Amino acid sequence: IKLHQRSIFSMKKKICIIFSLFLICLLPINVVHAADIELNDIAIKATLYDDGSAHIKEVWDIDVYEGTEIYKVFENMGDSKISHYQNIGSWDTDVDKDEKNGKCGIIQDDDYYELCFGIGEYGDRTYTFEYDISNFVQQYEDQTQGFNYAFFSEMELEPQHVKIILDSPYEFNKDNAQIWAFGYYGNVKFQNGQVIMETSESV
């Protein structure tokens, strides 16, 4: 997104933002999972703040019939930090399903993160998790500000449908912004002051 008016950071410079799935991965994300999992739907709400951070809320609709946990991997985060994820402390990958039920945790090694959560009961499940990312929006040398963010890199799981909503304290629209999104079948558009990206078939 390029903004030509005042926007996040209370900024006077334009912002350049690129939505992508799979192709551009400054913050590559992967999902590691047990067998017999079908990922039906992912809904993501990303809210940008004046300090350049983002709050991310993800809701996953999954059919799961095996395994003990699911975790989402973030690599090469650089100076961006993940915080405010509901965290029980050090996550033990070796405990059984019952001990992980209803719990989540985080594993961190420098700029590598895993957000982990127990599967709990098998069947058609909905999991909701939220977290913050600092320095989500970056300052570039050409005086623009923006981000280039891939919400997913190549995954063993193929989501059947993904919808991502981006908003901020300032309205996005075609008069003050340009948007790019690629690496998937679907569309990206302005709607009610937000940017909406949605797939039209499995990714």
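In case you missed it, the structure is sitting above this.
For the structure given in this document, a descriptive report is provided here. Bear in mind the structure is a predicted one, so any value in this text is a computation, not a measurement.

Before going further, it helps to spend a moment on the overall build of the protein. From N to C terminus, the protein includes one helix and 15 strands. The 203 residues of the protein split such that 47% are buried. A separation threshold of at least 6 residues defines the contact pool for the protein, and within that pool the share at least 24 residues apart is 70%. Carbon and sulfur atoms make up 43% of the accessible area of the protein, which amounts to about 9900 Å² in all.

Attention shifts here to unusual backbone geometry. Residue His84 is not a glycine yet carries a positive backbone phi of 60 degrees. Positive phi is not limited to glycine here, since Asn192 has a value of about 55 degrees. Locating Asn192 in the fold gives a position in the loop between β14 (186–191) and β15 (194–199). Judged by relative accessible area, which is 73%, Asn192 ranks as exposed.

On to the layout of surface pockets. Volume-wise, the largest pocket comes out at about 240 Å³. What lines the largest pocket is a set of 16 residues, among which Gly102, Lys103, Cys104, Phe117 and Thr128 lie closest to the centre. Secondary structure elements with two or more residues in the lining of the largest pocket: β8 (112–118) and β9 (123–133). Top contributing element to the lining of the largest pocket by residue count: β9, with six residues. Each residue belonging to the lining of the largest pocket can be placed in one class, and the counts come to six nonpolar, seven polar and three charged.

Working definition: the strands of a sheet are paired by backbone hydrogen bonds and lie parallel or antiparallel to each other. Read from one edge of the open sheet, seven strands run β6-β9-β4-β3-β12-β15-β14, paired in mixed fashion. Two strands bound the open sheet, and with one partner strand each, they are β6 (82–83) and β14. As paired elements, strand β3 (residues 37–48) and strand β4 (residues 54–64) share 11 bridges and run antiparallel to each other. Across the sheet, residue Asp41 finds its bridge partner in β4, namely Asp61.

Per the stated rule, a full pass over the model turns up three salt bridges. Residue Lys100 is joined to Glu69 by a salt bridge in which the shortest nitrogen-to-oxygen separation is 2.5 Å. With Lys100 in helix α1 (residues 97–100) and Glu69 in strand β5 (residues 69–74), this pair connects stretches of sequence that are 31 residues apart. Judged by its relative accessible area of 1%, Lys100 falls in the buried class. On the basis of relative accessible area, Glu69 is assigned to the buried category, the value being 9%.

About the criteria used
- Residues numbered from 1 in each chain as written.
- Predicted model: local features only at pLDDT ≥ 70, side-chain atom pairs only at ≥ 80, totals over all residues.
- Heavy atoms only, no water.
- Helix = DSSP H or I, 4+ residues; strand = E, 2+ residues; numbered from the N terminus.
- Buried < 20%, exposed > 50% of the residue type's maximum accessible area, 1.4 Å probe, protein only.
- Contact = heavy atoms within 4.5 Å.
- Areas by Shrake-Rupley, 256 points an atom, 1.4 Å probe, with all protein chains shown as cover.
- 1 Å grid on protein atoms, 1.4 Å probe; cavity = no way out; pocket = protein on both sides within 12 Å on 5 of 7 lines; lining within 4 Å.
- Points joined across faces, edges and corners; volume = space filled by probe spheres on them.
- Nonpolar A, V, L, I, M, F, W, Y, C, P; charged D, E, K, R; others polar.
- Pairing = 2+ DSSP bridges.
- Salt bridge = Lys/Arg side-chain N within 4 Å of Asp/Glu carboxyl O.

Distances and angles like these do not, on their own, reveal function.
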